[in-house]
Amino acid sequence: VTRPSNGTGPDELIGAGLVIGADGRRSMLQRALQPAIGDPLTTSPKSWFGFKAHFPDRTRGLSRRIELFVFEGGYAGLGAVEGTRLNLALIARVDALNACGNSPQRLLEERMLQNPLLRERLGNDPPCSAWKTIGPLRFNVRKPASHGAMFLGDAAGTIDPFSGEGMSNAVHGAELALPFVLDA
């Protein structure tokens, strides 16, 4: 690895027996070593995007469950989060979103709330947060090691769109990597 100087001398070359890349989904190290593994650059009607918003919790915590709901063009998970809110996280195909004017709120109203149980859970309450989105999503696993580097968490592969899974995968991956790190 080359560390740029602060302007007082030449760049410094730093060597290591093993480099751990735990720099996330858009890992600069992973992309430098394997340029083809990045996020998709284009979308098609069959591409997937993830969305989430918080809603008032009318369920008093959903009895500590996460409920899954399938709708035309995608699926959603509903779970309680801190305070008195529910987190609605979903993935939808581009064609389903296009049919709803590219609006996640319209997708909710026109497709998802056709499910009576989800309609009961959310009622007519508007979201109490802005809609957030990510995509296009990719569903693949990267190489766990390449060119003397070992990757952990989202740098090794993502499980779109479940936020937080990269952190738990990184911790578990660190446990698995420990013997190799000690050997290096």
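Structure: see above.
(A) Layout of the overall build of the protein. If you tally the helices and strands in the protein, you get 5 helices and 10 strands. Going through the 184 residues of the protein one by one, you find that 35% of them count as buried. A sequence separation of at least 24 residues applies to 63% of the contacts in the protein between residues at least 6 apart. If you sum the accessible surface of the protein, you get close to 11100 Å²; carbon and sulfur atoms cover 58% of it.

(B) Representation of the sheet that holds strand 10 (residues 149-151). Sheet architecture is open: 3 strands sit in the order 3-10-9, paired in mixed fashion. The strands lining the two open edges of the sheet, one partner per strand, are strand 3 (19-21) and strand 9 (145-146). Pairing of strand 9 with strand 10 involves 2 bridges; the strand directions are antiparallel. The residue bridging S146 from the neighbouring strand is A149, located in strand 10.

(C) Local environment of the side chain of H54. Position of H54 relative to the elements: it lies in strand 4 (residues 48-56). Its relative accessible area of 11% is what places H54 among the buried residues. A polar side-chain atom of H54 sits 2.9 Å from a polar atom in the side chain of R85. Every residue in contact with H54, bar those within four places of it in the chain, is listed here: V81, R85, L86, N87, P127, C128 and S129.

Scoring rules and cut-offs
Residues numbered from 1 in each chain as written. Predicted model: local features only at pLDDT ≥ 70, side-chain atom pairs only at ≥ 80, totals over all residues. Heavy atoms only, no water. Helix = DSSP H or I, 4+ residues; strand = E, 2+ residues; numbered from the N terminus. Buried < 20%, exposed > 50% of the residue type's maximum accessible area, 1.4 Å probe, protein only. Contact = heavy atoms within 4.5 Å. Areas by Shrake-Rupley, 256 points an atom, 1.4 Å probe, with all protein chains shown as cover. Pairing = 2+ DSSP bridges. Polar contact = N/O pair within 3.5 Å; in protein donor to acceptor, adjacent residues only side chain to side chain.

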